[in-house]
Amino acid sequence: MSKLWGGRFAKEAHDLLRQFNDSIDFDQRLWSEDIEGSMAWARGLVGVGVLTATEANTIVRGLEMVSAEWESGTFTIQPGDEDIHTANERRLIELIGDVGGKLHTGRSRNDQVATDFRLWTKRAVDQVQLELHQLQTALVDHAEQHMDVMLPGYTHLQHAQPVLWGHWLLAHFWPLERDQKRWDAVRDSADSCPLGSAALAGSAFPVNREALAARLGFSRITPNSLDAVSDRDFSADFLYAAAITGLHLSRLSEQLILFSSQEFGFVRLDDTFSTGSSIMPQKKNPDTLELTRGKSGRLVGLLVGLMTTLKGLPSTYDKDLQEDKEGVFNAFDTLTIVLPVMTGVINTLKLQPERMAAQLEPGLIATDMADYLVKKGLPFRQAHHIVGEIVQLSETSGVPITELSLTQLQAISLLFEPDVVEAFSIAGSLAARDVVGGTAPNAVREQIAFARQVLR
Ligand code: ARG
């Protein structure tokens, strides 16, 4: 078979070289972007007199046939098809004859692959953002439905202060909203058209690059051909956004895994998103969440892998850059399964409010006791100390702080008065935190409304 670059070679490539060098196994995924880029290029070549309008039409029609073959699964990859660009061009020439050989005038696979991959990346970002949006919607729905359920809030995984479920769950919504912004930035990073840069120095046929870019739906063109063929910032940006999204999903997973354990029992995963054990009949395992947590490690690894590859390169195209695609494809495939799975988990998640309530012990409102004294005029530092003494008394006497008698309290501070009783309830503690972003029912309702607005 005749290779695209076979002219100067006296011998056929070694089988191992082929195996090692070929990227068709994975870059065939870019088949439609490659055809799209070629169609635009054919039109561009008319403008500079390389192709007549008739020739360009023949080429575009030929590319449509190639496209139809991919679509119907009848495209057959031949041994000499090194990569998707080679494969599509080979087939085009088979279908329409020598005129197909004019298509590669003034371009290189270097600007071609950069264009294809950018086109693919922009679409991939759209898909990820859609999946993210669905998960965000599931979180807001669940937060709204179960907004009033009370549970302990934790710091250091120790009981801290009571919070509402709606508040707790939305804490996992906002990171995803920041991810949406990051994905916007990834799309923008990919949104420059390198076509016309050719191998490195720019095309010798002065095609209208702006028109090419517009035809392909890019917002702008790359300003420097040397940079354009080696710029993979958009791929690193993609992997960074994927890694952070992965971290956010991992955190939510970890928390739900804990909450679904027998010790907590705050939530129950639906059977449809749980797995069993081959030996222990009673088991119901959160494999979906564990895999989500586990795969976040892979996402971080893919980012580090690509950055390490890029780090060693001089400017312009080097074959190392062929290593850009598999990681990005992998990250995309990972996210586009992890996200809908997480959406399913959230949509079917059951709460066990009584298990949460059982953990709402009086210690959670110790801060409110100190705040009570502050409202009676005591500096917070002293109030903190006094409540510390009360906690100590409660521990030594075995009486919860909320059940100590007024006399016992007054023995520690005379600022305690009969109104202390209503101040010290879980509901009172929640209601007190009526600051924007706080856990008071009012504030959480507003937060839910804000989240809905952001989603629209
Ligand atoms: N398959 C190659 C890649 O993915 C296409 C560009 C090849 N360019 C070259 N000069 N060999 O990077």
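See the structure printed just above.
Residues numbered from 1 in each chain as written. Predicted model: local features only at pLDDT ≥ 70, side-chain atom pairs only at ≥ 80, totals over all residues. Heavy atoms only, no water.

Asker: Please set out the overall build of the chain residue by residue, giving values where relevant.
Answerer: If you tally the helices and strands in the chain, you get 20 helices and 6 strands. Over its C-alpha trace the chain gives a radius of gyration of 31 Å, far above what one expects of a compact globule, namely 23 Å for 456 residues. When the backbone C-alpha atoms are referred to their principal axes, the chain occupies close to 100 × 55 × 40 Å. Burial analysis of the chain (456 residues in total) assigns 49% to the buried set. The long-range share in the chain, meaning contacts at least 24 apart out of those at least 6 apart in sequence, stands at 75%. As displayed, the chain has an accessible area near 21700 Å², and 55% of this comes from carbon and sulfur atoms. Looking at the chain, you have 42 positive and 59 negative side-chain charges, and the mean spots of the two groups are 3 Å apart. (Helix = DSSP H or I, 4+ residues; strand = E, 2+ residues; numbered from the N terminus. Rg over C-alpha atoms; globule rule 2.2 N^0.38 Å. Buried < 20%, exposed > 50% of the residue type's maximum accessible area, 1.4 Å probe, protein only. Contact = heavy atoms within 4.5 Å. Areas by Shrake-Rupley, 256 points an atom, 1.4 Å probe, with all protein chains shown as cover. Lys, Arg positive; Asp, Glu negative; His and termini not counted. Charge placed at Lys NZ, Arg CZ, Asp CG, Glu CD.)

Asker: An account of the side chain of asparagine 88 is requested, with residue identities and associated values reported.
Answerer: In this fold, asparagine 88 is placed in helix 5 (residues 84-96). Among the polar contacts made by the side chain of asparagine 88, one reaches the side chain of tryptophan 70 at a distance of 2.8 Å. For asparagine 88, the residues in contact, after removing those within four places along its chain, are Trp31, Asp34, Ile35, Val66, Trp70 and Phe75. (Polar contact = N/O pair within 3.5 Å; in protein donor to acceptor, adjacent residues only side chain to side chain.)

Asker: Explain the packing of helix 3 (residues 31-47) against helix 5 to me, using residue names and the numbers behind them.
Answerer: Relative orientation of the contacting elements helix 3 and helix 5 amounts to 60 degrees, with a least axis distance of 10 Å. Taken together, the axes of helix 3 and helix 5 are oblique relative to one another. You can see that helix 3 and helix 5 cross each other, and the crossing is right-handed. Residues Trp31, Asp34 and Ile35 of helix 3 form the contact with helix 5, whose participating residues are Ile84, His85 and Asn88. (Axes fitted to C-alpha atoms, helices over the stretch in contact; angles between N-to-C directions. Parallel < 35°, antiparallel > 145°, perpendicular 65-115°, else oblique. Left-handed = near helix turned anticlockwise from the far one by under 90°.)

Asker: Describe in detail unusual backbone geometry, supporting the description with residues and values.
Answerer: The phi dihedral of histidine 156 falls on the positive side, at around 55 degrees, and the residue is not glycine. The exposure class assigned to histidine 156 is exposed, which follows from its relative accessible area of 75%. Phi angles above zero are rare outside glycine, and alanine 198 is one such case at about 55 degrees. Among the structural elements, alanine 198 can be located in the loop between strand 3 (192-193) and helix 9 (209-215).

Asker: Summarise the nonpolar core; cite the residues concerned and give the values.
Answerer: Ranked by internal contacts, the top residues of the largest apolar core, which has 116 residues, are Ile59, Trp165, Trp183, Phe238, Leu256 and Phe416. Other than its neighbours up to four places away in sequence, leucine 256 contacts Trp165, Trp168, Val267, Leu289, Ile346 and Leu349. (Core = buried A, V, L, I, M, F, W, Y, C linked by side-chain atoms within 4.5 Å.)

Asker: Which residues make up the packing of aromatic side chains, and what are the values?
Answerer: Counted by the stated rule, this structure contains 20 aromatic pairs. Here the aromatic rings of tryptophan 120 and phenylalanine 238 are separated by 6.3 Å at their centres, their planes lie at 40 degrees, and the arrangement is tilted. Residue tryptophan 120 is found in helix 6 (residues 109-145), and its partner phenylalanine 238 is found in helix 11 (residues 233-259); the two are separated by 118 residues along the sequence. On the basis of relative accessible area, phenylalanine 238 is assigned to the buried category, the value being 0%. Counting every residue linked through ring pairs, the aromatic cluster contains Phe117, Trp120, Trp183, Phe234, Phe238, Phe329 and Phe332. Lying over the aromatic face of phenylalanine 218, lysine 122 brings its terminal NZ or CZ to 4.6 Å of the ring centre. (Phe/Tyr/Trp six-rings, centres within 6.5 Å; stacked < 30°, edge-to-face > 60°. Lys NZ or Arg CZ within 6 Å of the ring centre and 35° of its normal.)

Asker: Could you give an account of the pairing of strand 2 (residues 158-164), naming the residues involved and the relevant values?
Answerer: In this structure, strand 1 (residues 150-155) lies alongside strand 2, joined through 5 bridges in antiparallel fashion. The residue bridging leucine 151 from the neighbouring strand is valine 163, located in strand 2. (Pairing = 2+ DSSP bridges.)

Asker: Please provide a residue-by-residue account of the site of the ligand, values included.
Answerer: Taken together, the residues surrounding the ligand are Ser23, Asp27, Asp83, His85, Arg109, Asn110, Val113, Tyr317, Gln322 and Lys325. One of the side-chain N or O atoms of asparagine 110 is found 2.9 Å from a nitrogen atom in the ligand. The fraction of the free accessible surface of the ligand (340 Å²) that becomes covered by protein chains is 86%. Ranked by residues supplied to the shell around the ligand, first place goes to helix 6 with 3 residues. Among the residues forming the shell around the ligand, the class breakdown is 2 nonpolar, 4 polar and 4 charged. (Near = heavy atom within 4 Å. Nonpolar A, V, L, I, M, F, W, Y, C, P; charged D, E, K, R; others polar.)

Asker: Go over the packing of helix 11 against helix 13 (residues 324-347) with me, naming the residues and quoting the values.
Answerer: Look at helix 11 against helix 13: their axes get within 10 Å of each other, and the N-to-C directions meet at 30 degrees. The orientation of helix 11 relative to helix 13 falls into the category roughly parallel. In the packing of helix 11 onto helix 13, the handedness of the crossing is left-handed. The segment helix 11 lies against helix 13, with Ser235, Phe238, Leu239, Ala242, Thr245, Leu249, Leu252, Ser253 and Leu256 engaging Gly327, Val328, Ala331, Phe332, Leu335, Val338, Leu339, Met342 and Ile346.

Asker: Pulling in residues and values, what's your account of the pattern of salt bridges?
Answerer: Applying the stated criterion to the full structure yields 29 salt bridges. The salt bridge involving arginine 123 is made with glutamate 36; its shortest N-O contact spans 2.9 Å. Of the two residues, arginine 123 is situated in helix 6 and glutamate 36 in helix 3; the sequence distance between them amounts to 87 residues. Here glutamate 55 and lysine 102 are joined by a salt bridge, their closest N and O atoms 2.7 Å apart. Of the two residues, glutamate 55 sits in helix 4 (residues 53-72) while lysine 102 sits in the loop between helix 5 and helix 6, which places them 47 residues apart along the sequence. When salt bridges with common partners are traced through the structure, they connect Glu69, Asp81, Arg90, Arg91 and Glu94 into a single cluster. (Salt bridge = Lys/Arg side-chain N within 4 Å of Asp/Glu carboxyl O.)

Asker: Lay out helix 8 (residues 174-190) with the relevant residues and their values.
Answerer: Its 17 residues give helix 8 an end-to-end C-alpha distance of 25 Å, which sits within 8% of 24 Å, the value for a rise of 1.5 Å per residue. Residues Trp174, Pro175, Leu176, Glu177, Asp179, Gln180, Trp183, Val186, Ser189 and Ala190 constitute the buried set of helix 8. Residues of helix 8 that are buried in the fold lie against helix 6, helix 7 (165-170), strand 3, helix 11, helix 13 and helix 20 (441-455). (Expected span 1.5 Å × (residues − 1).)

Asker: Tell me what's going on with helix 15 (residues 366-375), and back it up with residues and numbers.
Answerer: When helix 15 is considered as a whole, its buried residues turn out to be Ala366, Asp368, Met369, Ala370, Tyr372 and Leu373. Two residues or fewer past helix 15, glycine 377 is found with a positive phi of approximately 105 degrees.

Asker: Kindly report on the side chain of threonine 348, identifying the contributing residues and their values.
Answerer: Locating threonine 348 in the fold gives a position in the loop between helix 13 and strand 6 (350-351). Engagement of the side chain of threonine 348 in a polar contact is seen with the backbone oxygen of glycine 344, the distance being 2.8 Å. The contacts of threonine 348, once residues within four sequence positions are left out, are Asp270, Thr272 and Phe273.

Function-wise, these values are silent; they only describe arrangement.
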